[in-house]
Amino acid sequence: MTCFPASLRKLLIGLALLPVLASAQLPAPPEIAARNYLLMDLTSGQVLASRDVDAQIEPASLTKLMTSYLVFDALRAKKITLEQRLPVSELAWKMPGSRMFIDPKMQVPVEDLLKGMIVQSGNDASMALAEGVGGSADNFVRMMNEQAKALGMKGTAYKNPEGLTEPGHYTTARDLATLSQRLMQDFPEYMHYFAIKQYRYEGTPKSNANNRNVLLFRDPTVDGLKTGHTAAAGYCLVATAKRNFPQVGDRQMIAVVLGAATDSARSNETQKLLNWGYTAFDDVKLFDAGQPVATPRLWKGSQDTLKVGRDVAIVVSAPSGSSGKITTQVVRPDPLIAPYAKGQEVGVLQVKLGEQKIAEVPLVALEGVEQAGFLGRAWDAIRLWIK
């Protein structure tokens, strides 16, 4: 799993994610045999295709993405360690559904529980981790809901840490994309667990070793993330991929496919969506990192202009071959009045393809500018009044 550099993580967090809407200028997505789906280009931050992304759905084992988030957070905070052994409670041992087959006689290292949860989709491993991090399953669920709120997952509510069917346990395709994006941004050091193809804990059945994400075996550019299935949810998959392209380098995408009819359908439809995104759209670099997008007039400052842009490259996704039709417009307050701190938001860069807005990127001050002295401020005040 390729991880985001810190600079790219800052850009992605700041981007306004705009869905690409159907129009004569934009490619139509393929027919996807699933109830809900979403395809996001992480390099540009744009949603390329989607259907019913805000409909409440049962997440099944995609719930374990949030469980992973909280375990990773506890690891980073040194509340637990990968080597630490956690007990297996009766509750964890008796969890129904998919399991890594641990029992109360075992003391299992956190790292093995993580692999059991992520690779084998073990409900028993999820419960053991939840009890180890939260003290109890109920408290861990409370932590899950608080974290969902903090991440802006407005259409999500959790009732358990493993994803078994329970009234009031739901999420949306949009929220799953948000959670997956933040997992990759916030915990790059742990993302390799989602790319593991096979794992089993010593003394447990060999037949349970394969990761259920078939795309890890089929497509070498796929490096995560998680499958899910219950009778109510259908077959679900959140897949991440990275492919290298000229000009922009690595392009990363997240595909969320929910409610497919079969295991093979969720893999095939997700592959179809990823392939379409990479071929139907080009990532176009508009400005280099630190390159001024504009240098507007600045009033009452120690200098007369302010350089605005981003400290990372500004990249947008556009239909293949259409880069020459892209136009940009800076939208900002006028007049700009000093002082401005470096990194302070100044306005936005609107990116259009014809009349269709395809992206909106926040612009910040590339330099800090202090206020002018009293006379300078007074003179600019007079000039602004005349203006």
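Within each chain, residues carry numbers counting from 1 in the order of the written sequence. Reporting in this predicted model follows two pLDDT cut-offs: at least 70 for local features of residues, and 80 or more for side-chain atom pairs to be given and counted; totals over whole chains, interfaces and linings ignore these cut-offs and use all residues. To obtain the side-chain values, all non-hydrogen atoms of the structure were included, while hydrogens and water were left out.

1. Description of the packing of aromatic side chains
Each Phe, Tyr or Trp ring, with Trp reduced to its six-membered ring, pairs with another whose centre is within 6.5 Å; inter-plane angles below 30 degrees give stacked pairs, above 60 give edge-to-face pairs, and intermediate values give tilted ones. By the definition in use, this model includes 6 aromatic pairs. Between Phe-72 and Tyr-190 the ring centres are 4.9 Å apart and the planes differ by 15°, which places this aromatic pair in the stacked class. With Phe-72 in helix H2 (residues 64-76) and Tyr-190 in the loop between helix H7 (173-186) and helix H8 (215-218), this pair connects stretches of sequence that are 118 residues apart. Each member of the pair Phe-72 and Tyr-190 is classed as buried. Between the aromatic rings of Phe-72 and Phe-194, the centroid separation amounts to 6.2 Å while the plane-to-plane angle is 90°, which identifies the pairing as edge-to-face. One end of the pair, Phe-72, is in helix H2; the other, Phe-194, is in the loop between H7 and H8, with 122 residues separating them in the sequence. Grouping residues by exposure puts Phe-72 and Phe-194 together as buried. For helices the rule is a DSSP run of H or I covering at least 4 residues; for strands it is a run of E covering at least 2, with both sets numbered from the N terminus onward. When accessible area is computed with a 1.4 Å probe and restricted to protein chains, residues below 20% of their type maximum are described as buried, those above 50% as exposed, and intermediate ones as partly exposed.

2. Some points on helix H9 (residues 263-280)
Given the number of residues in a helix, its expected span is that number minus one, multiplied by 1.5 Å. Over its 18 residues, H9 runs 26 Å from end to end, which matches the ideal 26 Å to within 8%, given 1.5 Å per residue. Residues of H9 that are buried include every one of Ala-265, Arg-266, Ser-267, Glu-269, Thr-270, Gln-271, Leu-273, Leu-274, Trp-276, Gly-277, Tyr-278 and Ala-280, and no others.

3. A closer look at the sheet that holds strand E14 (residues 345-353)
Across the sheet, 4 strands lie side by side as E10-E15-E14-E12; this open sheet has antiparallel pairing. Only two strands of the sheet have a single neighbouring strand rather than two, namely strand E10 (308-309) and strand E12 (326-331). For E12 and E14, the ladder comprises 6 bridges, and the chain directions are antiparallel. Counted as the bridge partner of Thr-327 is Lys-352 from E14. Whether two strands pair depends on DSSP finding at least two bridges between them.

4. Details of unusual backbone geometry
The step from Gly-224 to Leu-225 runs through a cis peptide bond, and the omega angle for that step is 20°. A cis amide bond links Asp-334 to the next residue, Pro-335, at an omega of 5°. Locating Pro-335 in the fold gives a position in the loop between E12 and strand E13 (336-337). With a phi angle near 65°, Phe-101 is a residue other than glycine that sits in the positive phi range.

5. Here we look at the sheet that holds strand E2 (residues 46-51)
Read across the sheet, 5 strands follow the order E2-E1-E7-E6-E5 without closing on themselves; strand pairing throughout is antiparallel. Here the strands that pair on one side only, and so sit at the sheet edges, are E2 and strand E5 (222-230). Taken pair by pair, the neighbouring strands of this sheet meet at an average axis angle of 10°, ignoring direction. With 6 bridges connecting them, strand E1 (residues 36-41) and strand E7 (residues 249-260) associate as antiparallel partners. Following the sheet pairing, Asp-41 is matched in E7 by Met-253. A fitted line through C-alpha atoms serves as each axis, taken over the contacting stretch for helices, and the angle formed by two N-to-C directions is quoted from 0 to 180°.

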